[in-house]
Each structure stands twice: as C-alpha cells, then as structure tokens.
Amino acid sequence: VDTGVAKFDLAVGFVERRDGSGGAAGLSGVVEYACDLFDAATVRALGAVLVRVLRAMADDPGSMVGECVELTGSERLALTDRGTPA
C-alpha cells in the first residue's frame, strides 16, 4: 500500500521481470525518498548512476563496482560539495 510517505530517508527496491515463457526479462525498480532531505533532481541523478553501475556489472560480472563506472565531474562535485570553502 503506497501511503505517499517514505518510510526511510532513501530506499531502493527491485523486482525481477519475467517474460511469457518464464525467462528473465530485466528488472523494475522504485526509489522512495524523504522530500525534506532530497529533491527529485538529486534522486534522478542517483538513479542514473545506479543504472550505469548495474549495466556495467551485468556486462562484466567479475568486475569490481568501484572500477566499473566513473563519475562525471558534476556527479563527483555533487557528492563531495558540502557548501564549505575549499
């Protein structure tokens, strides 16, 4: 039951999809977030990075997460900028 209120600050969930014959047909995902902590643009950006990581890991299951996806300059800045002078 969707209450319209996030139970956690940020939660990500996945469900495996199946085709008509029961074969794998990908993943569906949902992100729930506390609106007083995150804005929609930030959550979309986090989701985009997560999708890149999942695709890279699916392409090379033996790879390490930290090695499979490079953050863009703006992504890195968004993760490290805390509004304080350098």
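If you're wondering where the values come from, they're calculated on a predicted model, not measured in any experiment. (Residues numbered from 1 in each chain as written. Predicted model: local features only at pLDDT ≥ 70, side-chain atom pairs only at ≥ 80, totals over all residues. Heavy atoms only, no water.)

## Quick notes on the overall build of the protein chain
Spelled out, the test is: Strands are runs of DSSP state E lasting at least 2 residues, helices are runs of H or I lasting at least 4, and numbering of each runs from the N terminus. Under the scheme applied here, a residue whose accessible area is under 20% of the maximum for its type counts as buried, over 50% as exposed, and between as partly exposed, the area being computed with a 1.4 Å probe on protein chains only. Whether two residues are in contact is decided by their heavy atoms, any of which lying within 4.5 Å being enough. All accessible areas in this document rest on Shrake-Rupley with a 1.4 Å probe, and a residue is counted as covered only by the protein chains that are shown.
When you go through the protein chain residue by residue, the secondary structure sums to three helices and two strands. When the helices and strands of the protein chain are listed from N to C terminus, the series reads β-β-α-α-α. Of all 86 residues assigned to the protein chain, the portion counted as buried reaches 9%. Long-range contacts, defined here as pairs at least 24 residues apart, represent 21% of the contacts in the protein chain between residues at least 6 apart. When the accessible surface of the protein chain is totalled, it reaches about 6,900 Å², and 59% of it is carbon and sulfur.

## Structural notes on the pairing of strand S2 (residues 24–33)
Two faces belong to every sheet, and in a regular strand the side chains alternate between them. How we decide: DSSP-based pairing: two strands are paired if at least 2 bridges between them are found.
Sheet topology places strand S1 (residues 10–18) next to S2; eight bridges connect them, and they run antiparallel. The residue of S2 that forms the bridge with Val 15 is Ser 28. Hairpin remark: S1 followed by S2, antiparallel, with five residues in the connecting loop; positive phi at Gly 22, about 90°.

## A short note on a nonpolar patch on the surface
Inclusion rule: Nonpolar side chains (Val, Leu, Ile, Met, Phe, Trp, Tyr) are joined into patches within 5 Å and like charges within 9 Å, using only residues with over 30% relative accessible area and no salt bridge. By convention in these notes, a salt bridge is any Lys or Arg side-chain nitrogen within 4 Å of a carboxyl oxygen on Asp or Glu.
The grouping of Leu 10, Val 12, Phe 14, Leu 27, Val 31, Leu 46, Leu 54 and Leu 79 at the surface amounts to a nonpolar patch, some 640 Å² of accessible area in total. Broken down by secondary-structure element, the contributors of at least two residues to the nonpolar patch are S1, S2 and helix H1 (40–59). Sorting elements by how many residues they give to the nonpolar patch places S1 first, with three residues. Looking at the secondary structure, you find Val 31 in strand S2.

## Digging into the environment of Leu 71
On the secondary structure map, Leu 71 appears in the loop between helix H2 (65–68) and helix H3 (73–80). Among the residues examined, Leu 71 registers a relative accessible area of 24% and is labelled partly exposed. Placed 22 residues apart in sequence, Leu 71 and Val 49 show a C-alpha to C-alpha distance of 7.8 Å. If we ignore the near neighbours within four places in the chain, the residues touching Leu 71 are Val 49, Arg 52, Arg 76 and Leu 79.

All quantities given are derived from atomic positions and should not be read as evidence of function.
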